[in-house]
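# Analysis of the macromolecular model
What follows is the residue order along each chain.
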Protein chains: 2
Amino acid sequence: VRGIVHLVGAGPGDPELLTLKALRLIQEADIVYYDRLVSDAIIALIRRDADRVPVGKSKGDHSVPQETIHEWLIASAREGKRVVRLKGGDPFIFGRGGEELEAVRAAGVDAQVVPGISSALGCAAAAGLPLTHRDHAQSLTFVTGHAKEGGVPDLDWTALARPAQTVVVFMGVGTSAAIAENIIRAGRAPSTPVAVIENGTRANEIRVYGTLSELPHLIQRAGIKGPALLVIGEVAGLPEEAIAHAFKEQVA
Amino acid sequence: VRGIVHLVGAGPGDPELLTLKALRLIQEADIVYYDRLVSDAIIALIRRDADRVPVGKSKGDHSVPQETIHEWLIASAREGKRVVRLKGGDPFIFGRGGEELEAVRAAGVDAQVVPGISSALGCAAAAGLPLTHRDHAQSLTFVTGHAKEGGVPDLDWTALARPAQTVVVFMGVGTSAAIAENIIRAGRAPSTPVAVIENGTRANEIRVYGTLSELPHLIQRAGIKGPALLVIGEVAGLPEEAIAHAFKEQVA
């Protein structure tokens with residue numbers, strides 16, 4: 001029996017946002033290695049007699065080193081098992097799926113990738129926040145707010161400051177003050193709308209709206225500490241909630 | 001009875017890449033308005049006694065004007081129907097979902113958005129092409145190669161020419177020569193790897209690999225004319241197919 005590794009995107013958290021293929025694969029798998037970002041409701045859909053191995057990976061908490069994950073995936077496949085590596089969002093957008101695919105294939109093990117709803121797309125849909133818009137955003141950029149070595153990443157702030165585009169920052173809660181400051185200094189208006197979405201598509205979802213200059217304050221006031229998305233751009237002012245928020249601020 | 005409109009992403013084409021929610025909604029809908037980019041295999045999953053209304057929208061062929069689509073969605077919901085507006089990929093990434101959501105809600109009709117696997121994510125997974133990578137691409141930008149008024153869009157070529165990022169161009173087949181030229185002139189290496197993916201995740205998928213300087217030639221040689229994705233950046237050189245292609249070119 002030949003084993004195989006499927007790197008599978010679990011989407012943002014709502015189990016209904018799994019793809020049909022992801023559901024089939026977690027029900028066929030003999031063993032599932034999953035990130036902490038994968039929701040309990042999704043873990044509950046794994047075949048009951050499959051082995052379930054959490055491999056950590058909340059921000060700053062790499063309980064299992066990346067190289068060890070590679071070794072486990074390879075070893076399980078070599079035992080002839082159907083292995084699923086289940087990752088929050090999409091495996092190829094800030095998910096280190098590229099590194100895992102390379103490692104597994106370099107060991108001569110079959111591997112396939114199944115896309116997932118990126119948390120950016122899931123959160124945007126839930127909020128009614130279009131990431132591109134013919135009148136407001138002709139381009140869309142995803143960046144990580146968390147550098148490889150920790151701290152603020154070395155981003156092209158001038159490019160991120162251009163108008164008529166949407167910037168989505170993954171893992172940017174801890175560095176939000178520096179991100180807002182750098183983008184404003186590079187020329188984007190302090191009044192540019194922003195949205196912060198924590199636990200998007202889940203029961204405990206929090207969404208807050210405001211402007212770029214008040215970004216770190218918004219996050220602090222809402223008590224957001226975990227993985228959240230920052231959406232920066234005119235489109236963040238379009239949801240009804242954003243309009244209601246801006247109106248309330250104006251009246252107050 | 002109160003009607004409702006769901007704007008639903010159908011993903012890149014493979015019916016297994018529908019979300020569970022999208023499948024449920026197209027099986028509950030009374031009427032489905034769908035784009036030409038939605039695959040036949042997905043159309044076949046719509047509830048058999050639902051009305052199915054194609055509204056065109058292949059590139060440059062807007063068989064039904066956008067305003068008419070809005071009117072139809074609103075009218076159907078006002079008849080108390082469960083309306084699905086089914087769109088290729090994700091509704092909020094170059095899908096005009098923002099405009100449709102605004103129009104429907106402005107008419108006082110309930111509307112919700114269901115995300116889909118963006119064609120960029122679907123094609124990347126199928127090709128084993130990581131869109132971000134810790135060593136090669138710390139940011140990911142989606143742009144459209146097709147201007148509102150037709151022709152080459154007014155993009156920030158300097159930003160797109162930065163190294164260590166991935167640029168995905170939607171609807172860029174017709175303008176690929178100008179896109180490659182502008183990005184190279186702004187400073188990106190002519191040898192930057194590129195991939196062109198047509199009909200990603202479908203049986204008739206075509207993938208070709210090469211360098212930025214040969215982008216229009218690659219497209220022409222492969223006979224790609226329809227909607228396709230251009231992926232520009234070091235990550236486009238990572239798939240095994242890309243490595244095999246580069247080796248063949250070197251030997252020839």
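Residues numbered from 1 in each chain as written. Chains lettered and ligands numbered in written order. Predicted model: local features only at pLDDT ≥ 70, side-chain atom pairs only at ≥ 80, totals over all residues. Heavy atoms only, no water.

## Points about the relation of the copies chain A and chain B
Superposing chain A onto chain B requires a rotation of 180° together with a translation of 0.0 Å along the rotation axis, leaving an RMSD of 0.0 Å. Each copy turns onto its partner about a two-fold axis. Interface overlap between copies: 100% of the residues of chain A at the interface are likewise at the interface in chain B, consistent with a symmetric, same-surface contact. (Least-squares fit on C-alpha atoms with pLDDT ≥ 70 in both. Contact = heavy atoms within 4.5 Å.)

## Details of the interface of chain A and chain B
Opposite the 53 residues of chain A that make contact, chain B presents 53 residues. A buried area of about 4,500 Å², summed over both sides, lies between chain A and chain B, and 60% of it is on carbon and sulfur atoms. Our enumeration of links across chain A and chain B arrives at four salt bridges. Mapped by element, the contributors of at least two residues to the side of chain A that touches chain B are α1 (20–28), α4 (97–106), β5 (110–114), α5 (119–127) and β6 (139–144) of chain A. Classifying every residue of the side of chain A that touches chain B by side-chain character gives 25 nonpolar, twelve polar and 16 charged. By the bridge criterion, five bridges tie β6(A) to strand β6 (residues 139–144) of chain B in an arrangement that is antiparallel. (Buried area = accessible area lost by both parts, 1.4 Å probe. Salt bridge = Lys/Arg side-chain N within 4 Å of Asp/Glu carboxyl O. Helix = DSSP H or I, 4+ residues; strand = E, 2+ residues; numbered from the N terminus. Nonpolar A, V, L, I, M, F, W, Y, C, P; charged D, E, K, R; others polar. Pairing = 2+ DSSP bridges.)

## Thoughts on the domain arrangement of chain A
Residue and element names in this part refer to chain A. Domain annotation for chain A reports domain 1 (4–114) and domain 2 (119–251). Computed from C-alpha atoms alone, the centre-to-centre distance between domain 1 and domain 2 is 28 Å. The interface of domain 1 with domain 2 comprises ten residues on the first partner and 13 residues on the second. Here domain 1 meets domain 2 over a buried area of about 970 Å², counting both sides, of which 70% is carbon and sulfur. Inspection of the domain 1/domain 2 interface yields three residue pairs in polar contact (both at pLDDT 80 or more). (Domains from an automatic or database assignment. Polar contact = N/O pair within 3.5 Å; in protein donor to acceptor, adjacent residues only side chain to side chain.)

## Things to note about the pairing of strand β1 (residues 4–9) of chain B
All names here are of chain B. For β1, the buried fraction is high: five of the six residues fall into the buried class. Pairing analysis gives five bridges linking β1 to strand β5 (residues 110–114), with the strands arranged parallel. Within β5, the position partnered with His6 by the bridge is Gln112. (Buried < 20%, exposed > 50% of the residue type's maximum accessible area, 1.4 Å probe, protein only.)

## Quick notes on the pairing of strand β7 (residues 165–170) of chain A
Residue and element names in this part refer to chain A. Most of β7 is tucked away, with six of its six residues classed as buried. Residue alternation in β7 divides its side chains into two sets, Gln165, Val167 and Val169 and Thr166, Val168 and Phe170, and both sets are buried. Note that β7 and strand β10 (residues 228–232) share four bridges and pair antiparallel. The residue bridging Phe170 from the neighbouring strand is Leu229, located in β10.

## Some words on the packing of helix α7 (residues 176–185) of chain B against helix α8 (residues 215–222) of chain B
Residue and element names in this part refer to chain B. Two elements in contact, α7 and α8, have axes separated by 8 Å at closest approach and are oriented at 155°. As far as their axial angle goes, α8 and α7 are roughly antiparallel. Touching Ser176, Ala177 and Ala180 of α7 are Leu215, Pro216 and Ile219, all from α8. Each residue belonging to the contact of α7 with α8 can be placed in one class, and the counts come to five nonpolar, one polar and no charged. (Axes fitted to C-alpha atoms, helices over the stretch in contact; angles between N-to-C directions. Parallel < 35°, antiparallel > 145°, perpendicular 65-115°, else oblique.)

## Focus: unusual backbone geometry
Residue and element names in this part refer to chain B. One non-glycine residue, Met171, lies in positive phi territory at about 55°. If you trace the backbone, Met171 turns up in the loop between β7 (165–170) and α7. For Met171, a relative accessible area of 32% translates into the label partly exposed. Despite not being glycine, Asn199 shows a phi value in the positive range, around 55°. Mapped onto the elements of the fold, Asn199 is located in the loop between β8 (193–198) and β9 (206–211).

## Looking at the side chain of Glu100(B)
By the element assignment, Glu100(B) lies in helix α4 (residues 97–106). Here Arg85(B) takes part through its side chain, which lies 2.9 Å from a polar atom of the side chain of Glu100(B).

## Details of the sheet that holds β7(A)
Adjacent strands of a sheet pair through backbone hydrogen bonds, lying either parallel or antiparallel. Taken in spatial order, the ten strands make up an open sheet running β9(A)-β8(A)-β10(A)-β7(A)-β6(A)-β6(B)-β7(B)-β10(B)-β8(B)-β9(B), and their pairing is mixed. Taken across any chain shown, the strands that pair with only one partner, and hence form the sheet edges, are β9 (206–211) of chain A together with β9 of chain B. With strand direction ignored, the average angle separating the axes of adjacent strands in the sheet is 15°. Relative to β9(B), β8(B) runs antiparallel, the two sharing six bridges. When the sheet's bridge partners are listed, Val196(B) is paired in β9(B) with Val208(B). Along the sheet face, helix α8 (residues 215–222) of chain A touches β8 (193–198), β9 and β10 of chain A and points at about 150° away from the line of β9(A).

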